[in-house]
Amino acid sequence: MASGSITPETRARLGRVLEAAVAAADPAPAIRRLLRVEGNTLTAGDHHYRLAEFDNITVVGAGKASARMAGAVEAALGDRVSGGFVVVKDGHREATRRVEVVECAHPVPDSRGEFAATRLHARLEAAGARDLVIAALSGGGSALLPAPADGISLADLGETTDRLLRAGATINQLNAVRKHLSLVLGGRLAFAARPATVLVLAVSDVLGNPLDVIASGPFAPDPSTFATALAVLAEFDLLDAAPPSVVDRLRAGERGDIPETPGPGDAAFTRVRHVIVADLAVAAAAAERAATEAGF
């Protein structure tokens, strides 16, 4: 059926299908259902935390929905939340009681995002063994945490990302490079947070919910390596076109001069747990139900 032949009634029915999908993927009610405090125990899905073991509960995060997610965590835990810091896209700020919310550019990172990512990293580095960190991650988290590694400028990072996208790199190829040019991605926030306990609440916009891909996996093991990143640049003939600082860093990492991102089995993830609170499958199922009810 041509788009011009869609009747107002059909358009309204289609609108209800879209609304159902969006509502199903709303992380706030999902988090309020997920997090339960019974006595002195916090339950999050299959994970249980004895609150008496923690002096502080800090909420951090990044993504277009992270402020909304932080507000839901505050609603579930009340005054038990000590504070926090989340980064959102311009215009996506929501009211929170104890968690600081900052806005930055998306999808093209800016200096505000670089400063915010550095602040978030420093906050996690200050966490101790009696801290519980609840991390709220959602779509857009990678662009909102553009903290380049030492020797890499924000402009270099942006140029490399742009060249890869124009060359047709997949999300996995792009992430392999970005993680090895970043202070925070590819499990580095989990490394920074040691020895704190970390509960990651994630909204997945990636099919299959791979933890290392959602927001470029700041708290997840990184299966890629510096050699992987170099191979990506080579595949797209970018070893000479990419900024020299980028190629130099990747080659130094391949030689072992720079520590690798933490991979599967690394001790940095011993006290880290992930829970998917909403994903594409949930949204698609809701859309299917609504479409059936609407007569499609």
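Since the model is a prediction, treat every value here as computed from it, not as a measurement.

Enquirer: Teacher, can you tell me more about the sheet that holds strand β1 (residues 35-38) here?
Expert: Strands pair in a sheet through their backbones, by hydrogen bonds, and they do so in one of two ways: parallel or antiparallel. What the three strands build is an open sheet, ordered β1-β2-β3; its pairing is antiparallel. Of all the strands in the sheet, just β1 and β3 (47-50) have a single pairing partner and so form its edges. The average undirected angle you get between the axes of adjacent strands in this sheet is 20°. Here four bridges tie strand β2 (residues 41-44) to β3, and the two strands are oriented antiparallel to one another. Counterpart to Thr-43 in the pairing with β3 is His-48. Contacting β1 and β2, helix α2 (residues 27-34) runs over the sheet at an angle of about 30° to β1.

Enquirer: Even after reading the chapter, I still don't get the layout of surface pockets, so can you show me in this structure?
Expert: The rolling of a water-molecule-sized probe over the atoms marks out the regions of remaining empty space. Of the voids in this model, the largest pocket is the one considered here, and its volume is about 620 Å³. Considering the residues around the largest pocket, the lining is formed by 32 residues, among which Pro-107, Ser-142, Ala-143, Thr-161 and Arg-178 are closest to the centre. For the lining of the largest pocket, the secondary-structure elements that each account for two or more residues are α5 (141-144), α6 (154-167) and α7 (171-179). If you tally residues by element for the lining of the largest pocket, the top one is α6, at six residues.

Enquirer: Looking at this structure, I do not really get the side chain of Asp-222. What am I missing?
Expert: Mapped onto the fold, Asp-222 is located in the loop between β8 (197-203) and α9 (226-235). Using a relative accessible area of 3% as the deciding quantity, one classes Asp-222 as buried. At 2.7 Å, the side chain of Asp-222 and the side chain of Ser-224 are in polar contact. Within polar-contact distance, the side chain of Asp-222 engages the side chain of Thr-261 at 2.7 Å.

Cut-off values and rules
Residues numbered from 1 in each chain as written. Predicted model: local features only at pLDDT ≥ 70, side-chain atom pairs only at ≥ 80, totals over all residues. Heavy atoms only, no water. Pairing = 2+ DSSP bridges. Helix = DSSP H or I, 4+ residues; strand = E, 2+ residues; numbered from the N terminus. Axes fitted to C-alpha atoms, helices over the stretch in contact; angles between N-to-C directions. Contact = heavy atoms within 4.5 Å. 1 Å grid on protein atoms, 1.4 Å probe; cavity = no way out; pocket = protein on both sides within 12 Å on 5 of 7 lines; lining within 4 Å. Points joined across faces, edges and corners; volume = space filled by probe spheres on them. Buried < 20%, exposed > 50% of the residue type's maximum accessible area, 1.4 Å probe, protein only. Polar contact = N/O pair within 3.5 Å; in protein donor to acceptor, adjacent residues only side chain to side chain.

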